[in-house]
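Residue strings, one per chain:
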Amino acid sequence: QQLILNIGMCGDWSGKIWGMSPTCNALNGPQNGCRAVDPLMEKDLSQDCCTQFVEDKDGQYGTDEYFRSRAFFNISWAKVFQQRPSPGPDMR
């Protein structure tokens, strides 16, 4: 079994305000050649500071360790969906 939590790290809200946060700018800001991108206005997120930090393709930001030591989730409930078995030849 698998539990998947779909969490948006960047996007409509956080992607736009990345440049206003001193903490975020220190992690990955314009000094690294990126900018805050509004995904509602632009489709190309390759220059987005938040997206670059979260993806951390080359491991240059230490994102995995940053999240491992600082991120947590307080989940108060979860809804579970189960797929019903399809009726076979013996289930008429």
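Residues numbered from 1 in each chain as written. Predicted model: local features only at pLDDT ≥ 70, side-chain atom pairs only at ≥ 80, totals over all residues. Heavy atoms only, no water.

Caption draft 1: Just the overall build of the protein, in detail. Within the protein, the secondary structure is distributed over four helices and zero strands. When the helices and strands of the protein are read in sequence order from the N terminus, they spell out α-α-α-α. A compact globule built from 92 residues should have a C-alpha radius of gyration of about 12 Å, whereas the protein, at 19 Å, is more than 25% larger. With the C-alpha coordinates of the protein rotated into their principal frame, the extents come out at 65 × 30 × 25 Å. Relative to its 92 residues, the protein shows a buried fraction of 23%. When contacts within the protein are restricted to residue pairs at least 6 apart in sequence, those whose partners lie at least 24 apart make up 40%. (Helix = DSSP H or I, 4+ residues; strand = E, 2+ residues; numbered from the N terminus. Rg over C-alpha atoms; globule rule 2.2 N^0.38 Å. Buried < 20%, exposed > 50% of the residue type's maximum accessible area, 1.4 Å probe, protein only. Contact = heavy atoms within 4.5 Å.)

Caption draft 2: Spotlight on the pattern of salt bridges. If you walk through the whole model with that rule in mind, you get four salt bridges. A salt bridge links Lys57 to Glu55; the nearest nitrogen and oxygen atoms lie 3.8 Å apart. (Salt bridge = Lys/Arg side-chain N within 4 Å of Asp/Glu carboxyl O.)

Caption draft 3: Here's a closer look at the state of the cysteines. Using the criterion set out here, one finds two disulfides in the structure. Each disulfide pairs two cysteine sulfurs, and for Cys10 the partner residue is Cys50, the sulfurs being separated by 2.0 Å. Across the S-S bond of Cys10 and Cys50 the torsion is about -90°, and the bridge reads as left-handed. Here Cys50 lies in helix H3 (residues 49–55) and Cys10 lies in the segment before helix H1 (14–17), a separation of 40 residues in the sequence. A relative accessible area of 1% places Cys50 in the buried class. Disulfides within the protein link the bonded cysteines, taken in sequence order, as 1-4, 2-3. Lacking any disulfide linkage, Cys24 is separated from the closest cysteine sulfur, that of Cys50, by 6.9 Å. (Disulfide = S-S within 2.5 Å.)

Caption draft 4: Representation of the nonpolar core within the structure. Of all hydrophobic cores here, the largest spans seven residues; its members are Trp18, Cys24, Cys34, Cys49, Cys50, Phe53 and Tyr61. Beyond its immediate sequence surroundings of up to four residues, Tyr61 is in contact with Leu27, Asn28, Asn32, Gln52, Phe53 and Asp56. (Core = buried A, V, L, I, M, F, W, Y, C linked by side-chain atoms within 4.5 Å.)

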